[in-house]
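Chains, contacts and geometry: an overview
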Amino acid sequence: MRAITHDRHGDAGQVLRLGERPAPAAPTAGQVRVRVLSRPIHPGDLAGVQGFPGGPAQRFTTPRIPGVEGTGVIESVGERVQDLRPGQRVAFFPVPGAWGELVTAPADLVVPVPEGVSDETAALMLVNPLTLLTLLRAVEDAQHGRAGPVVQTAAGSSVGKLVSAAALKHGIPLVNLVRGATGAQALRQRFPGLATISTADADWRTQVQDATGGRGAQVVLDAVGGSLTGELAALLADGGTLITYGQLGSGSTPLESLALTPRALTVRGVSIGRWMTRTPEERAEDVAFAARLALTTPELFEVAARHDLADFAKAVDHVRRPGRSGTVLLTSPAS
Ligand SMILES: NC(=O)c1ccc[n+]([C@@H]2O[C@H](COP(=O)([O-])OP(=O)(O)OC[C@H]3O[C@@H](n4cnc5c(N)ncnc54)[C@H](OP(=O)(O)O)[C@@H]3O)[C@@H](O)[C@H]2O)c1
């Protein structure tokens, strides 16, 4: 099968290769084999190729195939698989190796795609909605039953737009931050009911203060981090919580500079990587939420472009292009 691989951590533009790899083992009991037709390039996938900051830069004896999410068609099923059959259209997460053309996965991580959900939406059906649920739960925990203003960074991202839609639906007083005027304009048009502020404006901190009614934020949801972290902590009201879930930015902020103790601030990391610690029943409810969202609001699953696996270098360049709206997909032909 064709697969994108890397044999060491490093910049995606330098270490990724397209090659022929042996197909994964045939499904055993409780497993299914999926022919993968489309998979997203998430920022987290590129971070996984790069190697996470603070982690070891590894070399792999067997080339690693990135990707954890995708959609395709079931080729074969192992014994004791009850609700899935060959030919069925499915989405899957978290299944390592999604950037290959075949995966063998536990059946409980493979979800039928509802009729009415397009193949493109199906490719994005799980990770971002499950991230949304993770973030909403973290916000709720941080609010201790007293809802106050929430600020989010990188608000024009695919996840950020899901957060905006959820905030409007649930009456969360959300303030959106983006890094440029064009992105701010686009987001204001998309979500006119929410305050959107560009951090390129000299007075953006005052604008946030005004948008939170002078109170400061109770919660900041941050996907940028780096040198912005100190600024974000300063936006919090005393007792507030900074939830960090991404690292799109550069630079760093020393923990000691955040005045955590005198201001009783909390910093909390959240990751969808912990999703598998939820019970099977909870995960089934989350997946049902994701499938419903895909069916009812496909406009929240925007695709920026599709590239065949062979054009992965172009696809990675596209992901890194500022001002991109939506997710870039890597595709494979159906036959
Ligand atoms: N913790 C988890 O479990 C988890 C799960 C899913 C996603 N995430 C994180 O969520 C974030 C969004 O993911 P996504 O797939 O929704 O992203 P996306 O659709 O690829 O969008 C990325 C967005 O980030 C903005 N951006 C990029 N670099 C930035 C910087 N240095 N400063 C400010 N904004 C910047 C871009 O803004 P422009 O329009 O200005 O270019 C764009 O709106 C990522 O950090 C990702 O790693 C985390």
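This structure is a prediction, so every number in the text was calculated from the model and none was measured.

What counts and how
Residues numbered from 1 in each chain as written. Predicted model: local features only at pLDDT ≥ 70, side-chain atom pairs only at ≥ 80, totals over all residues. Heavy atoms only, no water. Pairing = 2+ DSSP bridges. Helix = DSSP H or I, 4+ residues; strand = E, 2+ residues; numbered from the N terminus. Right-handed = clockwise from strand over helix to strand, strands pointing away. Axes fitted to C-alpha atoms, helices over the stretch in contact; angles between N-to-C directions. Contact = heavy atoms within 4.5 Å. Buried < 20%, exposed > 50% of the residue type's maximum accessible area, 1.4 Å probe, protein only. Polar contact = N/O pair within 3.5 Å; in protein donor to acceptor, adjacent residues only side chain to side chain. Near = heavy atom within 4 Å. Areas by Shrake-Rupley, 256 points an atom, 1.4 Å probe, with all protein chains shown as cover. Nonpolar A, V, L, I, M, F, W, Y, C, P; charged D, E, K, R; others polar. Expected span 1.5 Å × (residues − 1). Arc of directions from axis to C-beta. Core = buried A, V, L, I, M, F, W, Y, C linked by side-chain atoms within 4.5 Å. Domains from an automatic or database assignment.

Quick look at the pairing of strand β15 (residues 303-308)
- Here β15 pairs with strand β16 (residues 327-331) via five bridges, running parallel. Bridge pairing links alanine 305 to valine 328 in β16.
- Traced from β15 through helix α11 (residues 312-319) to β16, the parallel crossover comes out right-handed.

Quick word on the sheet that holds strand β4 (residues 59-64)
- Read from one edge of the open sheet, three strands run β2-β1-β4, paired in antiparallel fashion. Both outer strands of the open sheet, β2 (17-20) and β4, are each paired with one neighbouring strand and no more. Recorded for the sheet is a direction-independent mean angle of 30 degrees between the axes of neighbouring strands.
- Relative to β4, strand β1 (residues 2-8) runs antiparallel, the two being bridged by two bridges. Note on β4: the bridge partner recorded for histidine 6 is arginine 64.

Describing the sheet that holds strand β14 (residues 266-269)
- Pairing is parallel in the open sheet, where six strands are placed in the order β11-β10-β9-β12-β13-β14. Edge strands, defined here as strands with exactly one partner in the open sheet, are β11 (195-198) and β14. With strand direction ignored, the average angle separating the axes of adjacent strands in the sheet is 20 degrees.
- For strand β12 (residues 217-222) and strand β13 (residues 236-244), the ladder comprises five bridges, and the chain directions are parallel. Looking at β13, one finds that alanine 217 is bridged to leucine 236.
- Of the strands in this sheet, β9 (150-152), β10 (174-178) and β12 are in contact with helix α5 (residues 158-170), which crosses β10 at around 160 degrees.
- The strands that helix α6 (residues 181-190) touches are β10 and β11; relative to β11, the one it contacts most, it runs at about 170 degrees.

Considerations on the environment of glutamate 20
- Relative to the elements of secondary structure, glutamate 20 occurs in strand β2.
- The exposed category is assigned to glutamate 20, whose relative accessible area is 60%.
- Along the primary structure glutamate 20 and threonine 196 are separated by 176 residues, whereas in three dimensions their C-alpha atoms are 46 Å apart.
- Once residues within four sequence positions are removed from consideration, glutamate 20 is found in contact with Met1 and Arg2.
- Here the side chain of glutamate 20 touches methionine 1 through a polar contact of 3.3 Å, landing on its backbone nitrogen.

Quick notes on the site of the ligand
- Val159, Arg179, Ile272, Gly323 and Arg324 are the nearest of the 21 residues found near the ligand.
- Take tyrosine 245: an N or O atom from its main chain is 2.9 Å from a nitrogen atom of the ligand.
- Separating an oxygen atom of the ligand from a backbone N or O atom of isoleucine 272 is a distance of 2.6 Å.
- Protein chains bury 83% of the 940 Å² of accessible surface belonging to the ligand in isolation.
- Partitioned by chemical class, the residues of the shell around the ligand number ten nonpolar, nine polar and two charged.

Description of helix α10 (residues 280-296)
- In this model, α10 (17 residues) spans 24 Å end to end at C-alpha, consistent with the 24 Å of a helix rising 1.5 Å per residue.
- Within the span of α10, buried status applies to Arg283, Asp286, Val287, Ala290, Ala291, Leu293 and Ala294. The buried side chains of α10 occupy one side of the element, clustering within an arc of 160 degrees when seen end-on. Along α10, the residues that are exposed and aim more than 90 degrees away from the buried face are Glu281, Glu285 and Thr296.
- Considering only its buried residues, α10 is in contact with β8 (110-112), α3 (119-122), α4 (127-143) and α5.

Overview of the side chain of threonine 5
- Summarising the element assignment, threonine 5 is placed in strand β1.
- What threonine 5 contacts, discounting residues up to four positions off in sequence, is Val15, Leu16, Arg17, Arg21, Pro63, Arg64, Ile65 and Pro66.

Topic: the nonpolar core
- Of all hydrophobic cores here, the largest spans 67 residues; its most connected members are Met125, Leu126, Val151 and Leu177.
- The greatest single-element share of this core, amounting to eight residues, is contributed by α4.
- Residues lining this core come from more than one domain, with at least three contributed by each of domain 1 (2-125 + 301-331) and domain 2 (128-272).
- Non-local contacts of methionine 125, meaning those with residues more than four positions away in its chain, are made with Glu69, Ala91, Val111, Pro112, Pro114, Val117, Ala290, Ala291, Ala294 and Phe301.

Structural notes on unusual backbone geometry
- Of note, the bond from phenylalanine 93 into proline 94 is cis; its omega dihedral lies within 30 degrees of zero at -10 degrees.
- Looking at the secondary structure, you find proline 94 in the loop between β6 (89-92) and β7 (102-106).
- Of note in the backbone geometry, arginine 80 takes a positive phi value of approximately 60 degrees without being a glycine.
- Within the secondary structure layout, arginine 80 lies in the loop between β5 (70-77) and β6.
- Judged by its relative accessible area of 70%, arginine 80 is exposed.
- Look at alanine 264: it is not a glycine, yet its phi comes out positive at around 50 degrees.
- Tracing the sequence through the fold places alanine 264 in the loop between α9 (260-263) and β14.
- Given the relative accessible area of 49%, alanine 264 is considered partly exposed.

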